[in-house]
Amino acid sequence: MLKNIEQFGHLFAGPLISSAGYTPAIATAAIEVDRAAAIAFGRLFISNPDLVSRIQTHIPLNAYDRKTFYGGDALMDTPTI
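Structural notes, computed from the coordinates. In this numbering scheme, every chain counts its residues from 1 along its sequence in written order. The predicted nature of this model means local features are confined to residues of pLDDT at least 70 and side-chain atom pairs, given and counted, to a pLDDT of 80 or more, with totals for whole chains, interfaces and linings taken over all residues. Hydrogen atoms and water are omitted, and side-chain values are computed over all heavy atoms in the structure.

This next bit is on the overall build of the protein chain. Across its full length, the protein chain carries four helices and two strands. Segments assigned H or I by DSSP are reported as helices when at least four residues long, segments assigned E as strands when at least two residues long, and all are numbered from the N terminus. Seen in sequence order, the protein chain has helices and strands lined up from the N terminus as α-β-α-β-α-α. Exposure categories follow from relative accessible area, calculated using a 1.4 Å probe and restricted to protein chains: below 20% of the type maximum is buried, above 50% is exposed, and the middle band is partly exposed. Out of the 81 residues in the protein chain, the part that is buried amounts to 22%. Sequence separation of at least 24 residues holds for 28% of the intrachain contacts in the protein chain that already meet a minimum separation of 6. A total of about 5,700 Å² of accessible surface is found on the protein chain, and carbon and sulfur atoms cover 60% of it. Here a residue-residue contact requires only that any non-hydrogen atoms of the pair lie within 4.5 Å. Method for areas: the Shrake-Rupley scheme with a 1.4 Å probe, in which residue coverage is limited to the protein chains shown.

Here's what the structure looks like:
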């Protein structure tokens, strides 16, 4: 994850939004050491529509299931807090 930033950061001088498998802890570390201006969560958001609340309250995250991405009722039946 931090290698993403090292690979592409020199190509763009503006604020960098990074993504690619970050956990909340690794995302926090990347922000704290100025490796990115923001972190984008994809898979974690699909499986945790309440991701922000879960991170803020330290509630475990739902595991993601790629078979449910972008189809069916995946977002409708994902457990929320």
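Structure shown, so let's carry the discussion forward.
Further remarks concern the pattern of salt bridges. Whenever Lys or Arg places a side-chain nitrogen within 4 Å of a carboxyl oxygen from Asp or Glu, that contact is recorded as a salt bridge. Inspection of the entire model under this criterion finds one salt bridge. One salt bridge in this structure joins R54 and D50, with 2.9 Å as the shortest N-O distance. Accessibility classification places R54 together with D50 in one group, the buried group.

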